[in-house]
Every structure is written in structure tokens, then in C-alpha cells.
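Each chain, letter by letter, is given below.
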Amino acid sequence: MAKPPTPRRSFGSIYTPSDIARSAFLAASNGVPIGPTGGAPSPASATSDKRYSVAALWSMAAENDIEVDDELTKAQRKLREIKSRISSQSKKNFLLERDVRYLDSRIALLIQNRMAVVEQQEVVSAVMDGGETAEGTLPDDRKRQLYGNLFFLLQSEPRHIATLARLVTLAEIDTLLQTVMFTLYGNQYESREEFLLLSMFQNVLAAQFETATDFGSLLRANTPVSRMMTTYTRRGPGQSYLKSVLSDRINNLLEHSDLDLEINPLKVFEQMVRDIELETGEPYPRPTGISAEEAERNPDVRAIIKPRIKTLMEITGSFLNTIMASIEQVPYGIRWICKQIKSLTKRKYPDATDLNICSLIGGFFMLRFINPAIVTPQAYMLIDGNPSKHPRRTLTLVAKLLQNLANKASYSKEGYMIALNPFVEENKARINRFFNDLCEVGDFYEALEMEQYIALSKKDLDLNITLNEMYNTHALLIQHKDILAPGEKHHLGICLNDLGPAPPQVPRSENRAIVLPLFSRWEQPITDIPSAIADSQLTQGDILYMDTKALFVQVLRLMPTVAAARPMDLFKVAESAGTSREQSLTKKGVKVREMLLQLEEMGVVDRKDKHALLVEEIQQELVHLGNLKEKVYKEVQSLEVVFSTILDHNNYLKSQLESYKAYLQNVRVQAGMSTSLKGGKGLVQGPFKFTHQQWEKEGIIVESNVPEARRANIFFNIFSPVAGTFVIALHYKGRERPILELDVKIDDLLEKQQQGVPLLDLEYVQLSVIKTVAMLNKTFLKR
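Here the structure is a predicted model, which is why all the values come from computation and not from measurement. Counting starts from 1 at the beginning of each chain's written sequence and moves along it residue by residue. Since the coordinates come from a predicted model, pLDDT governs what is reported: local features require at least 70, and pairs of side-chain atoms require 80 or more to be given and counted, while whole-chain, interface and lining totals use all residues. The basis for the side-chain values is all heavy atoms of the structure; hydrogens and waters are excluded.

1. Considerations on the side chain of S247
- Helix numbers and strand numbers start at the N terminus; a helix is a DSSP run of H or I with at least 4 residues, a strand a run of E with at least 2. Positionally, S247 belongs in helix α10 (residues 236-254).
- Type-normalised accessible area, obtained with a 1.4 Å probe on protein chains alone, sets the label of each residue: buried when under 20%, exposed when over 50%, and partly exposed for intermediate values. Overall, the relative accessible area of 10% leaves S247 in the buried class.
- Here, two residues are considered to be in contact whenever any of their heavy atoms come within 4.5 Å of each other. Setting aside its immediate chain neighbours within four residues, S247 contacts L242 and L382.

2. A word on the packing of helix α5 (residues 141-156) against helix α21 (residues 491-499)
- Axis separation between α5 and α21 bottoms out at 10 Å; the angle between their running directions is 160°. It follows that α5 is roughly antiparallel to α21 by the angle criterion. Between α5 and α21 lies a crossing whose hand is left-handed. Of α21, the residues touching α5 (which contributes R142, K143, L146, Y147, N149, L150, L153 and L154) are H491, L492, C495, L496, D498 and L499. Fitted lines through C-alpha atoms give the axes, limited to the stretch in contact for helices. The angle between two N-to-C directions lies from 0 to 180 degrees. The cut-offs work like this: below 35 degrees is roughly parallel, past 145 is roughly antiparallel, 65 to 115 is roughly perpendicular, and the gaps in between are oblique. For any pair of crossing helices, the crossing counts as left-handed if the nearer helix is rotated counterclockwise from the farther one by less than a right angle, and right-handed if it is rotated clockwise.

3. Regarding the nonpolar core
- The set of buried Ala, Val, Leu, Ile, Met, Phe, Trp, Tyr and Cys residues whose side-chain atoms join them within 4.5 Å is what this entry labels a nonpolar core. Residues L150, F151, L246, I337, F365, I370 and F435 are the most contacted members of the largest nonpolar core, which totals 128 residues.
- For this core, the element with the highest residue contribution is helix α15 (residues 354-375), accounting for eleven residues.
- Among all residues touching I370, those that are not within four sequence positions of it are Y241, L242, L246, I323 and F365.
- By size, the runner-up hydrophobic cluster in this structure holds 40 residues, among which are I82, F571, M602 and V605.

4. Some details on the packing of aromatic side chains
- Put simply, two rings from Phe, Tyr or Trp (the six-membered ring, in Trp's case) pair if the centres are within 6.5 Å, and we call them stacked under 30 degrees between planes, edge-to-face over 60, tilted for the rest. Applying the stated criterion to the full structure yields nine aromatic pairs.
- One residue, R234, lies across the ring of Y380, its end atom 4.1 Å from the ring centre.
- The ring of F715 carries the charged tip of K689 above its face, separated from the ring centre by 4.4 Å. Should the NZ of a Lys or the CZ of an Arg lie within 6 Å of a ring centre and within 35 degrees of the ring normal, that charge is described as sitting over the ring.

5. Some words on the environment of E194
- On the secondary structure map, E194 appears in helix α8 (residues 191-211).
- Spatially, the C-alpha atoms of E194 and M181 are 9.7 Å apart, while their sequence positions differ by 13 residues.

6. Description of a positive patch on the surface
- For patch building, the residue pool is restricted to those with more than 30% relative accessible area and no salt bridge; the joining distance is 9 Å between like charges and 5 Å between nonpolar side chains (Val, Leu, Ile, Met, Phe, Trp, Tyr). Note on areas: Shrake-Rupley with a 1.4 Å probe; residue coverage comes only from the protein chains shown. What counts as a salt bridge is simple: a side-chain nitrogen of Lys or Arg found within 4 Å of a carboxyl oxygen of Asp or Glu. When charges are counted, Lys and Arg contribute as positive and Asp and Glu as negative, whereas His and the chain ends are disregarded. The atom standing in for a charge is NZ when the residue is Lys, CZ when it is Arg, CG when it is Asp and CD when it is Glu. Together, K267, R274, K389 and R392 make up a positively charged patch on the protein surface.
- Mapped by element, the contributors of at least two residues to the positive patch are α11 (265-280) and α16 (389-407).
- Along the chain, R274 falls in helix α11.

7. Description of the packing of helix α7 (residues 170-184) against helix α9 (residues 224-233)
- Following both chains from N to C, one finds α7 and α9 inclined at 35°, their axes separated by 10 Å at the closest point. Every pair of crossing elements has a handedness; the one defined by α7 and α9 is right-handed. Here α7 contributes L170, I173, D174, L177, M181 and F182 to the contact with α9, which in turn contributes P224, R227, M228, T231 and Y232.
- Here the contact of α7 with α9 is built from residues that sort into eight nonpolar, one polar and two charged. Residues are sorted three ways: Asp, Glu, Lys and Arg are charged, Ala, Val, Leu, Ile, Met, Phe, Trp, Tyr, Cys and Pro are nonpolar, and all the rest, Gly among them, are polar.

8. Here we look at the sheet that holds strand β6 (residues 725-732)
- Strand order across the open sheet formed by four strands is β3-β5-β6-β7, with antiparallel pairing between neighbours. With partners counted over all chains shown, the strands left at the sheet margins are β3 (685-691) and β7 (740-745), one partner each. The mean angle between the axes of side-by-side strands here comes to 20°, regardless of whether they run parallel or antiparallel.
- In terms of strand pairing, β6 meets β7 through six bridges, oriented antiparallel. Looking at β7, one finds that I728 is bridged to L742. Strands are treated as partners if at least two bridges between them are detected by DSSP.

9. Regarding the sheet that holds strand β4 (residues 701-704)
- Taken together, the three strands give an open sheet; going across it, the order is β4-β9-β8, and neighbouring strands pair in antiparallel fashion. Looking along the sheet, the strands with just one partner apiece sit at the ends: β4 and β8 (759-761). Strand-to-strand twist across the sheet, computed as the mean angle between neighbouring axes with direction ignored, equals 25°.

10. A few points about the environment of P422
- Tracing the chain through its elements places P422 in helix α17 (residues 421-438).
- The sequence separation of P422 and M313 amounts to 109 residues, and the corresponding C-alpha distance is 9.0 Å.

11. Section: unusual backbone geometry
- Along the chain, G686 connects to P687 via a cis peptide bond; the corresponding omega equals 10°.
- Considering the arrangement of structural elements, one finds P687 in strand β3.
- Unlike most non-glycine residues, H611 shows phi in positive territory, near 55°.
- With respect to the element layout, H611 can be found in the loop between α26 (583-602) and α27 (612-671).

12. Some words on the pattern of salt bridges
- Tallying each qualifying case throughout the model produces nine salt bridges.
- When the shortest N-O distance is used, the salt bridge between E617 and K549 registers 3.1 Å. Pair noted here: E617 is in helix α27 and K549 is in helix α23 (residues 540-558), with a separation of 68 residues, a long-range link.
- With a relative accessible area of 8%, E617 lands in the buried category.
- For K549, a relative accessible area of 2% puts it in the buried group.
- Through salt bridges with shared partners, a single ionic network connects E696, E708 and R711.

13. Describing α23
- To estimate how far a helix should extend, the number of its residues minus one is multiplied by 1.5 Å. End to end, α23 covers 27 Å across 19 residues, agreeing with the expected 27 Å (1.5 Å per residue, within 8%).
- A large share of α23 lies buried, amounting to 17 of its 19 residues.

Shape is all these values report; function is a separate question.
Okay, here's the thing in C-alpha cells:
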């Protein structure tokens, strides 16, 4: 772009620098080159992209110009709508999955104890009947602004969330993940939020490697970080990839429902015995209670397994070929995480072999991404319904073999898998190349920088967030404030100090969703751009030139007939707009003509060559926007398929909850509980009276703070107001009211028992958790 040879002068009265000029000044101040404009940026080639320049900001802003209503804008509007629906539905699915996982773990405890509890019904009821959160606003405008400032800081500086993710417990991670993955960075197809989320992952992974003591357990243990990585793969792009790559392969396998490829010798032997007895009608002539080793030596079993090994390797090979051929379809973010794993491994373990590095990449790509979809394709909506017995087992064996290949293991936890080692040996080199190729993607740092400048020029940055998401994140930040925000002047610390203590979580029915405007209180406002650029590499001529080009592009998009005319005469374009019957277009025409005249006065453009450089760049921009329209159309079609898949998954999760609901009802009936599932408190059971001496003798009381002389006067009353919930009241003889009352849920006790928590604290006495559960079963459970 030509630089103005004349001294700088004031802008004319008609022209006021645009909003994007402010972010351009910030970009120039931070060393971003002015540069020409060109094609659209992509994360994979950001470092060599021509659009990494101040001039590119205007071009990027034009791609989302809300003042134009042409075919591109309509397509973009539709694209934004489907992206928003995908983000919203993904969040609902995540919450449903969390409830399903919660109920699943509780039911496992209830199976052992043969009891149903009200809490599960409340969860199911809330999910099934109260699926939509109410809309609302925060009553306190000041608090709303403070939260807007806090969440802008968290979103734009991912290191804070990265540190927090390492500090929370496994029990806390799901709620944090909900906020991070589906709210803070919930626009899964918006490059700025995606790049910020990946920046957060880079911080998390770097710290994970820094603190690692054992190479073998890196990224394999079930930690908050590993849960975060798995959740990332379940976002829209990952789901879309899995469906497009694995769906046909899995459905082809399901067509062969009678194909039995079991290779566990003991299971093969047991099935062989059943088949023989069914065929002959006689008991099997030899002993059936044999060990796995004996079954493996059985010649008949070996004859059955041998062809199955061959078939299993062929099927797994076809899956491997399909996955390897799809490398260009793997979402950018997943490939970029693979790249970080490789880079961090080399830095932390410089002597690590290529085999070691690839096994770590495989631990993420296969273990966290590919294999879960192969083992449970119905959960990923890759198939309709559930697979039958034999295909389900085959898919499990395929996943085991792929994982062994990814791990490069020469051994297996299951001895019978050793027979498949030839497949591992044959494909080791191929899978290594594939994992290394996965890492061959460009970085996004420059593209993110440009997106951040664009975001700064917008006045409508906001976040759709629930009250409990805000309050829970606030509480976690307060809890770990000393680590997250050391020092009095730390921005995060200032935000938290201004907000004060975190409010308590609100009931689910009151958990309103609000639109939270985001802003940064530490941005330096540039109110006088002409004077502010005096010491910048960005001149007044640069700003005026790029604003003029942007306005001409806007005008020509509103007048496609004029845009098609050749040669392009910019004064005629301005005149056509200025004489339009549409008032807004008329104003633009007058304004752009004045701006063009100012550019001529400043010597930035020349009428003698018919403004050749400006015309060329305007035409390039229009071509780019035309190509962009076709890309948007294709993306809309692709995302409509993704949205349909996510809706199917939502229906699948709801059906799972219905199954759990029915199961809980059956347990209640079998347990003889008197409370109905749907409502009503039913019959109160109890109270039942126990003395201090009796519980001490039975070992229920482990420790007592009651003086010896008074223990004879202490007794306990227990009653059950609703099934599964108990009130333990500690009384002193002669007093009408209890000294202490404690509400206890049976599943909470079972969870404590499973986690090895030995005692239940009643302040005056400590009760044995195990013996308290046994006492409640004996007292309340009808046998």
C-alpha cells in the first residue's frame, strides 16, 4: 500500500474512523505488519498467511458485516443459527450424560444394598420434566458488570482456567467442564473460541508433563485433565468425524450378527460344551470345570480359535485402513493436541524414542477418541439401536487390538490377545507414520491474534450462562485464589476481591440462564485516534484507505449490478449509491465519495490511474466474499447433519434415563418400600429407639464424646420420612426436643462405604459407616 508523501493532517468532518480502526491501532502498536490483503486465513497455514496484517482486519470484519443483507449475509445468518443450536444442544447432552453417569454409579450401589432412594427420582424428574432453564437477568447491575469483567478475563486469558483444571478434584471437574467446554468456549465452530480453548489445553498439558514422574502413566490415568481431553473430543467436530469415518464400517459388521469371533479359550470351551450338549442331548463326557490354561491347550478349542484369529485381524485391518485414510478429516483441534503431546514429550524426555512418543499420541487419539466410539457405537449415534451379542464382542476385540497397536505392547493384560501380536508387529511402522502425520498441522497463534483484535472492535461480546455456572466457577476461583492470583495487583485477584464471596448454588428450578455482556476494564480506550497514531507505524492515510475500501465493498454488496460493471469507476459507484432511493445507502454514497477525495488529497490514491490499487483490492475482496458464500453453504449442509446426530444422541440419553427410572421403580417394589415413585411422602416409618449402650455394644458407636456418667440417659430415635432417607435424632432423657438431628441418605452412606470413609460424624458420637448401613437395612428394609 502506498504511504502518504504529504504531512499528516486532520481528518475531514464527514469521516470518523471506524470501530475496527481502534483494534487496528492496537495491532500496529503490538508489531503486526500493515501489509496487503489477500485470501482468507486458515489455522493450518496461519504463519505464512498474507492476511496476518493490519489491513487484513478490515477484510475479516467485512466477512461478518451486519449492515449488508445479501446472499452471503443470509447464509451466514443461517450458519450462526445452526452453530448456536449445536452449542446449546451439546451442552444439554453433556448435562444428560452427567446425570446418566451419576445414576449409573448410584444404581451400582443400590444393587448391592437392594434399596431405592428418593434422590435419584429427584434427579430423573428434574432432567425429564425440567429440561429447559428459565430465562432471567441478574437483579444487581453492578454484580453483572463484575461477572462480565471476570468471565472476559477467564475467556481471553486461558491460563487461569488451565491452572484451575489442575487444582480441582475429579468430583468437581464435570461442573467446571460444563462451564469451560459448553459456555466459556461454547461456540464450537467459532475460530476465536476454539483457538482460546486450545491455548488452555496447551497450558494444561505443559503442566501435566512438567509434574510427571512416570512416563508410563502420562495421559492414561483418570484425572481431571484426562476427563477434560475426552470431553473435548465429544464436541461437534469430533462427533461429526466419528460418524463420517466409523459409521459405515461398524454397520457392515453388525449385518453379520451370527459371526462369533470370541477368542478367549475359556469362553470358547464353555460355548463348545453347550453346543455339544444341545446337539447330543447328553452331558459333556469330560470335566467342564477347567482353568483358562487347560482350555487353551484343548485341541478342539484351538481349532475353533485359529480361523477366528485370522478373521479378527482382517476386520481390525479394515478399521485401521479406514482410520488412516481419514487423516485429512480429523478435526484440527484434535490434531493440534497430538502435536502438543509430541512436542512436550520431546522437551521433557529428550531421549524418548519415536515408539514411546507415538504410544503417548495413541493413548490420546485411540484411547480417548476412537475406541470409545467403536466399543459403544450406540452412545455416539453411529448405529441405530444396540448391537447384538456377537458383533458387540467383536467390536470390543477390535478396540483392544487397536489399543495394543497404539501402545506398541509386546504383551497384553489378557493372555489370549497374544495370539494377535503378528497384527501389531505388521502394522507398527504404519501406525507410527500415521501418528506422526497427525501432528503435521500449523499453529494458530497469529490467526488467534487477529481474531482477538476483531473481538476488541465489537461492542456485543456476551456469554449465555446459568447462575449456577457463574457461582460454581466463582467458588472454585475463590477456593484456589492464592495459587491463581498471587499479588495485590493481579487482575484476577482484583476481580475476585470486587465480587466478594461466591453466592450459594440455587435450586435447579431457579437456575436461570442470563446473557452476560463481556468487557475488559483494563483496556486503554483510544478516544482520539488521529492523535493516538502520531507515534505509531499506522498512518492516518492507512486507516482512511482501509476504511474507504471497506465502505466501497459494503456499498457494492448492496448494489450487485453496479459491482458487476467493468471497468470499475469508484466515483460512479459512489454517485450511484448517493442517488439511491434508500436513505442509508445514500448516506454511504456521500460519505465514501468524500473519503475518496480525501485519499486523493493525501496522495494515497491517484485519479490518473483510476485508483488502480484500490480498485484491484476491492475486486479481490468481492471475489473472496463470493467464494466465502459457497464455503458457508457447504458448512451449513455439513452442520445440519451434525445437529441431527446430536439430537439423536439426546433422545438416546433420555431413553437411558427412562430405563433407569423404570429400574428404580422395580427396586422400590421389590424392596417393599411404601412410597410411590411419582410423588407423595408415603408412610413415615418409625421412629425406632436405640440406647447409647446398645449401639456401643454392637460397634455402631466407634467414638463417644458423651461423659460416661451421662451415657445411660442418651438414646437415639430414627425414622424414615421418605424411602431411602433417614433422620437420626440424639435425645437426652427428660428433654422434649432432641439435642441433635441429622438427615442421612442411604446412597450417601453407601458411597462413603465404597470410598473407604470409616466414620459418620454426629458431633457427640462417631458412628461406623458400615455398621450404620447394616443397622438401617435390618431396621427398615422389608425382607
